[in-house]
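One-letter residues, chain by chain:
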Amino acid sequence: MSKPDLNLLVTLDVLLAQGSVARAAERLRLSPSAMSRALARLREVTGDPLLVRAGRGLVPTPRALELRERVGQLVDDAEAVLRPAEMLDLGQLTRTFALRTSEGFVENFGPELLRRIGAEAPGVRLRFLPKPNKESSALRDGSVDLETGVIGLSTGPEVRTQALFRDRFIGVVRDGHSLSQIPVTSAGYAAGRHVLVSRRGLDRGPIDDALEKLGLERQIVTTVGGFSAALALARGSDLIASVPERHTGNLRAGVHSFPLPVSVPEVTVSMLWHPRLDADPAHRWLRACVREVCLAQLADRRPDALLGAEAASQG
């Protein structure tokens, strides 16, 4: 069965409102003959004459009277759907956004982001979800509205991305640790006992690859799934934790941090979202809040860590 021509709804709405082929044609900027053909098509589709001759004019049939209010509402609804979104009223906005982020992002940027959201849109709630992988299925099915992290090979090609900042790995030990008293060399770093962070439970990472190029190997004593756990172990033992500087800025109070004595590439932290939310006014506002909170919090730290994040690019 062929689909009906939905343009006929507009024609029917005007015909029933005007009660005249000539006036309907003038309003729709059609010729009288084109309007007559449209009425014939409507009669064929609905199986009803709709407008019948009564003296010199036309009167609606019972079926036309039944349709008149429904058709008018359908046309109004369709125009509302196709109309540009109205100005966003943050004070009246009531919505819950699901954000999939690492623990480090929540711990470092979450408090300020929540303060910003609460001040501008008190009816908005953020639901932070754990990020066990980089799959994009949650963005596709709508269970996640926004994600932050490093773009990976498993990131969907349709996903929109916007860079937030660069991050570098640093070493962390407790105050009083031997490495907190002297300049840290690659040999001294490798000779220590280490805690490795790996969500997937791997037994090595980019730091181990960099050490291997120098003919060195570190002793990994334990593996944890998050940076806060690694810092807790380093703070209470002689273990060395290697963590991203920006993601752990609020968590490293009371410990000693030092630049890694090996060359490890920096990572770019981005936010990711599905294209269907690209033009949504509330989602655009949320993305701006995330971007501005990150930029403001990093502004007083390494300037070279900041990235121009004005133009979103398709990942």
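That block above? That's the structure.
A quick note: this is a predicted structure, and the numbers were derived from the prediction, not measured.

Rules and cut-offs
- Residues numbered from 1 in each chain as written.
- Predicted model: local features only at pLDDT ≥ 70, side-chain atom pairs only at ≥ 80, totals over all residues.
- Heavy atoms only, no water.
- Helix = DSSP H or I, 4+ residues; strand = E, 2+ residues; numbered from the N terminus.
- Buried < 20%, exposed > 50% of the residue type's maximum accessible area, 1.4 Å probe, protein only.
- Contact = heavy atoms within 4.5 Å.
- Polar contact = N/O pair within 3.5 Å; in protein donor to acceptor, adjacent residues only side chain to side chain.
- Phe/Tyr/Trp six-rings, centres within 6.5 Å; stacked < 30°, edge-to-face > 60°.
- Lys NZ or Arg CZ within 6 Å of the ring centre and 35° of its normal.
- Pairing = 2+ DSSP bridges.
- Axes fitted to C-alpha atoms, helices over the stretch in contact; angles between N-to-C directions.

Another aspect to go through is the environment of Leu-286. Checked against the element boundaries, Leu-286 lands in helix H10 (residues 281–298). Of the residues examined, Leu-286 reaches a relative accessible area of 0% and is grouped as buried. Beyond its immediate chain neighbours, meaning those up to four positions away, Leu-286 contacts Phe-97, Leu-99, Ile-117, Leu-126 and Leu-146.

Inspection of the secondary structure assignment puts His-194 in strand S8 (residues 193–197). Within the local environment of His-194, its side chain forms a polar contact with the backbone oxygen of Tyr-189, the two atoms lying 2.8 Å apart.

Once that is clear, we can look at the packing of aromatic side chains. Any aromatic ring pair is given by two values, namely how distant the centres are and how the planes are angled relative to each other. By the definition in use, this model includes 4 aromatic pairs. Seen in terms of ring centroids, Phe-105 and Phe-109 are 4.9 Å apart; in terms of plane orientation they differ by 40°. Their pairing is tilted. With Phe-105 and Phe-109 both in helix H5 (residues 103–120) and 4 residues apart, the pair spans about one turn of that helix. Overall, the relative accessible area of 2% leaves Phe-105 in the buried class. Ring centres of Tyr-189 and Phe-258 lie 6.4 Å apart, and the angle between their planes is 75°; this geometry places the pair in the edge-to-face category. Of this pair, Tyr-189 sits in helix H7 (residues 186–191) while Phe-258 is found in strand S11 (residues 255–259), placing the two residues 69 residues apart along the sequence. For Phe-258, a relative accessible area of 5% corresponds to the buried category. Clustering of aromatic rings is evident, with ring pairs tying together Phe-105, Phe-109 and Phe-165. The cationic tip of Arg-287 hangs over the ring face of Trp-273; the distance from NZ or CZ to the ring centre is 4.2 Å.

A few words on the pairing of strand S10 (residues 240–244). Where burial is concerned, most of S10 is hidden: 5 out of the 5 residues are buried. Of the two faces of S10, the one lined by Ile-240, Ser-242 and Pro-244 and the one lined by Ala-241 and Val-243 are each fully buried. Relative to S10, strand S7 (residues 169–174) runs antiparallel, the two sharing 4 bridges. Directly across from Ile-170, in S10, lies its bridge partner Val-243.

Okay, the sheet that holds S11 next. Spatially, the 5 strands line up as an open sheet ordered S9-S8-S10-S7-S11, and their pairing is mixed. Unpaired on one side and paired on the other, strand S9 (219–224) and S11 mark the two borders of the sheet. Ignoring strand direction, the axes of neighbouring strands in this sheet form an average angle of 35°. The sheet contact formed by S8 and S9 spans 5 bridges and is parallel. Bridge pairing in S9 places Leu-196 opposite Thr-223. Running over the sheet, helix H9 (residues 227–235) touches S7, S8, S9, S10 and S11 and is turned about 35° from S7.

The analysis is restricted to geometry; functional conclusions fall outside its scope.
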